[in-house]
Amino acid sequence: MKLKISALVKQKVIDLTGEKLSDGDIDVLAKVLKKSKILDTLKLSSNQLTLADGDGKLTDALAQNSILQRLWLRNNNIGDKGAQNLADALEINQTLKSLLLTGNKISHKGAESLASALVNNETLETIVLNRNQIADKGAERLADALK
């Protein structure tokens with residue numbers, strides 16, 4: 001899919017669900033996050049995103065973004081490395097209110113990274129992690145972070 005930054009930065013809601021996006025499309029998405037002044041919701045569910053890129057372009061853009069409130073990443077391939085990158089962004093980001101991570105192959109390690117970030121993040125109200133493999137250890141860590 002060919003993504004055009006000029007059109008996307010004018011949108012309040014961007015829905016790219018099921019568009020077969022991969023980490024190769026992250027450059028455009030990162031630029032949109034940095035340039036948009038009105039983007040409220042970014043729906044990236046059911047793609048092939050891992051967010052495990054070494055340069056962290058999307059998560060860096062998320063960390064710097066001061067507008068986005070909802071990020072939907074359901075049914076991608078985020079895994080523990082991607083969860084760690086998201087956690088790094090969540091430690092800085094102070095606007096995101098809802099993060100959907102259903103079905104992303106996140107284990108207790110990724111859950112622990114997210115839990116560490118939640119201790120310092122005061123704006124995130126909803127994080128959905130069902131259909132992952134976080135196990136008791138990850139769930140306990142998340143529960144402790146939310147106390």
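For clarity, every value in this text was computed on a predicted model and none was experimentally measured. Each chain has its residues counted from 1, running along the sequence as written. In view of the model being predicted, local features appear only for residues whose pLDDT reaches at least 70, and side-chain atom pairs are presented and counted only at 80 or more, with totals across whole chains, interfaces and linings using the full set of residues. Only hydrogens and water are removed before side-chain values are computed, so all heavy atoms of the structure are retained for them.

### As for unusual backbone geometry
Logical step 1: We note that K20 has phi near 60°; this positive angle belongs to a residue other than glycine.
Logical step 2: Secondary structure follows DSSP: runs of H or I at least 4 residues long count as helices, runs of E at least 2 residues long count as strands, and numbering of each begins at the N terminus. Here K20 lies in the loop between β1 (13-15) and α2 (26-35).
Logical step 3: The rule is simple: take the accessible area with a 1.4 Å probe, protein chains only, and divide by the maximum for that residue type; under 20% is buried, over 50% is exposed, in between is partly exposed. By relative accessible area, which is 64% here, K20 ends up exposed.
Logical step 4: In this structure, L51 takes a positive phi of about 55° despite not being glycine.
Logical step 5: The residue L51 is located in the loop between β2 (41-43) and α3 (57-64) in this model.
Logical step 6: Taking relative accessible area as the criterion, L51 reaches 1% and is therefore assigned buried.

### Regarding the packing of helix α4 (residues 79-90) against helix α5 (residues 108-120)
Logical step 1: For helices, the fitted axis covers only the stretch in contact; all axes are lines through C-alpha atoms, and the angles between them, taken along N-to-C directions, range from 0 to 180 degrees. Orientation of α4 relative to α5, taken along the N-to-C sense of each, is 0°, at an axis distance of 8 Å. In terms of orientation, α4 lies roughly parallel with respect to α5. Residues D80, A83, Q84, L86, A87 and L90 of α4 pack against K109, G110, S113, L114 and A117 of α5. Here roughly perpendicular refers to angles of 65 to 115 degrees, roughly parallel to angles under 35, roughly antiparallel to angles over 145, and oblique to all remaining angles. Throughout, a residue-residue contact means that at least one pair of heavy atoms, one from each residue, lies within 4.5 Å.

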